[in-house]
Structures are given as C-alpha cells and as structure tokens.
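# Architecture at a glance
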Amino acid sequence: LGSFRFMSQYMSFEVCFSLGFLAIISTVRLLTLQSFWYINIYHCLGLQLVILFYCFIILSFIETNRVPFDLPESESELVAGFITEYSSSIFALLFLGEYCSILVMSCLIAILFVNLMSVAMTIVVMMVLVTLHVMGRIFVPRVRFEQTIFLCWLYLIWITFAIVILILFDLL
C-alpha cells in the first residue's frame, strides 16, 4: 500500500516538474547549465517566471521529501519508520543523501531562476533555499497524502501548463 501511495505522489509532481522545465527551456532555448548562467546575467528568469519559481520551490519540498510533504516515510506516524531499522553508519549515509538532495535542488533553482553575477551570490541564494527547506519543519504543518496529490493535479499542473502555453505563444 505504501508503494502505491509513493508512486501516485511521485507521478503527480514529476509531471509538474517536467512541464516547469519545458517552460524554462522554451524561454532560454538552450539546454546547457552554462547557457542558463549567461541568460540570467542579462535577464532574470525569476522575475519573468515568478509564479513558476514559487511552484519549483513547492515541488522541491515534495522532491526532497521534506515537511510538509514527507509522506512516503511518515516517520512520526510509523514509530520513526526507517530510523528504527538502520544502524548508525547506514542511518548517517541515508540522511547525508537526503541533505545532498536538498543542496542539489537548491543549487538547481538558484541557477535556473536567480540573477547571478558571481559564484558567491549563487552560494548565498543556495544557502537561503537550504535554510528554507530546513525551517519548513518549524513553520509549515504536515498535509495529508491526498492533499498533496490534489495540490499537484488540481493546481500546480495547470499553472505550469498555462505558463508553458503562454511562453510558447510568446505572451509572457
């Protein structure tokens, strides 16, 4: 039952993620990260695609399984779940992997959306996004499983699809 829940949640936000990347690639018209870097020097995509920027922040919370979207594990409901099953070294590697995924998602959002003039600014924006991920546990209550699915299928997918259509017709 847990695997079906995970796959339905995973499919719902990956469709939104794919449409968001399609919108960004349609704006930039190139596929390399270096091209995003050069485009952001002259045009801040975060200002042009501010709605998509906020959608990507929500989707990064879902992708990294952080509160309020840490439903595949649900460690507090399942007596700490995987935390009780692993020893100290495997547990450390597991959480190191989770925090590395937060760093990668924050770096990706910083490169794709924010006007970056130097590497130091990239690191500052990345750390702000990492802090947002970590502080989410304090400020945001956990949502139920079906609320995450409804958020993705009823709101985020249509917002990202509308942005893709607007960009393809050069209305944005």
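To start, this report covers the structure provided alongside it. Because the structure is a prediction, the values reported are computed rather than measured. (Residues numbered from 1 in each chain as written. Predicted model: local features only at pLDDT ≥ 70, side-chain atom pairs only at ≥ 80, totals over all residues. Heavy atoms only, no water.)

## Describing a nonpolar patch on the surface
Together, V15, V50, I51, Y54, F150, W153, L154, Y155 and I159 give the surface a local cluster of nonpolar side chains, amounting to about 870 Å² of exposed area. For the nonpolar patch, the leading source of residues is helix α8 (residues 145-168), giving five residues. Looking at the secondary structure, you find I51 in helix α4 (residues 50-63). (Patch = residues over 30% accessible without salt bridge, like charges linked within 9 Å, V, L, I, M, F, W, Y side chains within 5 Å. Areas by Shrake-Rupley, 256 points an atom, 1.4 Å probe, with all protein chains shown as cover. Salt bridge = Lys/Arg side-chain N within 4 Å of Asp/Glu carboxyl O. Helix = DSSP H or I, 4+ residues; strand = E, 2+ residues; numbered from the N terminus.)

## Regarding the packing of α4 against helix α6 (residues 88-113)
With their axes 10 Å apart at the nearest point, α4 and α6 run at an angle of 170° to one another. On the basis of the axis angle, α4 is roughly antiparallel to α6. Here the hand of the crossing between α4 and α6 comes out right-handed. In this structure, α4 contributes L52, F53, F56, I57, S60 and E63 to the contact, and α6 contributes M105, I109, L112 and F113. Its residues assigned to classes, the contact of α4 with α6 shows eight nonpolar, one polar and one charged. (Axes fitted to C-alpha atoms, helices over the stretch in contact; angles between N-to-C directions. Parallel < 35°, antiparallel > 145°, perpendicular 65-115°, else oblique. Left-handed = near helix turned anticlockwise from the far one by under 90°. Contact = heavy atoms within 4.5 Å. Nonpolar A, V, L, I, M, F, W, Y, C, P; charged D, E, K, R; others polar.)

## Description of the nonpolar core
Grouped together as the largest cluster of nonpolar side chains are 33 residues, with contacts concentrated most on I24, L49, L52, F56, L59, I109 and F113. Mapped onto this core, the elements with two or more residues apiece are α1 (2-28), α4, α6, α7 (119-139) and α8. If near-sequence neighbours (up to four positions away) are discounted, L52 is found in contact with G20, A23, I24, F113, T160 and I163. (Core = buried A, V, L, I, M, F, W, Y, C linked by side-chain atoms within 4.5 Å. Buried < 20%, exposed > 50% of the residue type's maximum accessible area, 1.4 Å probe, protein only.)

## Overview of the environment of L30
With respect to the secondary-structure elements, L30 resides in the loop between α1 and α2 (33-42). By relative accessible area, which is 45% here, L30 ends up partly exposed. Ignoring anything within four residues of it in the chain, the contact list for L30 reads I25, S35 and F36.

## Some words on α6
Look at α6: 38 Å from first C-alpha to last across 26 residues, which is about the 38 Å you get at 1.5 Å a residue. Every buried residue of α6 is accounted for by E98, I102, M105, S106, I109, A110, I111, L112 and F113. (Expected span 1.5 Å × (residues − 1).)

## Some points on α8
End to end, α8 covers 33 Å across 24 residues, agreeing with the expected 34 Å (1.5 Å per residue, within 8%). Along its length, α8 reaches its greatest deviation from straightness, about 35°, at L156. Every buried residue of α8 is accounted for by F145, T148, I149, C152, L156, I157, T160, I163, V164 and I167. Following α8 by one or two positions, D170 has its phi on the positive side, about 55°. (Bend = angle between axes of the 7 residues up to and from the residue.)

## Thoughts on the state of the cysteines
Taken as a whole and judged by the stated rule, the model has zero disulfides. Unpaired in terms of disulfides, C55 finds its nearest cysteine sulfur in C16, a separation of 7.8 Å. (Disulfide = S-S within 2.5 Å.)

## Here's the deal with the packing of aromatic side chains
Scanning the model with the defined rule gives five aromatic pairs in all. With a centroid separation of 5.6 Å and 65° between ring planes, the pair formed by F17 and F21 is classed as edge-to-face. Of this pair, F17 and F21 both sit in helix α1, four residues apart, roughly one helical turn. The exposure class of F17 is buried, given its relative accessible area of 7%. When the ring of W158 is compared with that of F161, the centres are 6.3 Å apart and the planes differ by 90°; the resulting orientation is edge-to-face. Taken together, the residues W158 and F161, both in helix α8 and three residues apart, mark about one turn of the helix. (Phe/Tyr/Trp six-rings, centres within 6.5 Å; stacked < 30°, edge-to-face > 60°.)

Interpretation in functional terms is not warranted from these geometric data alone.
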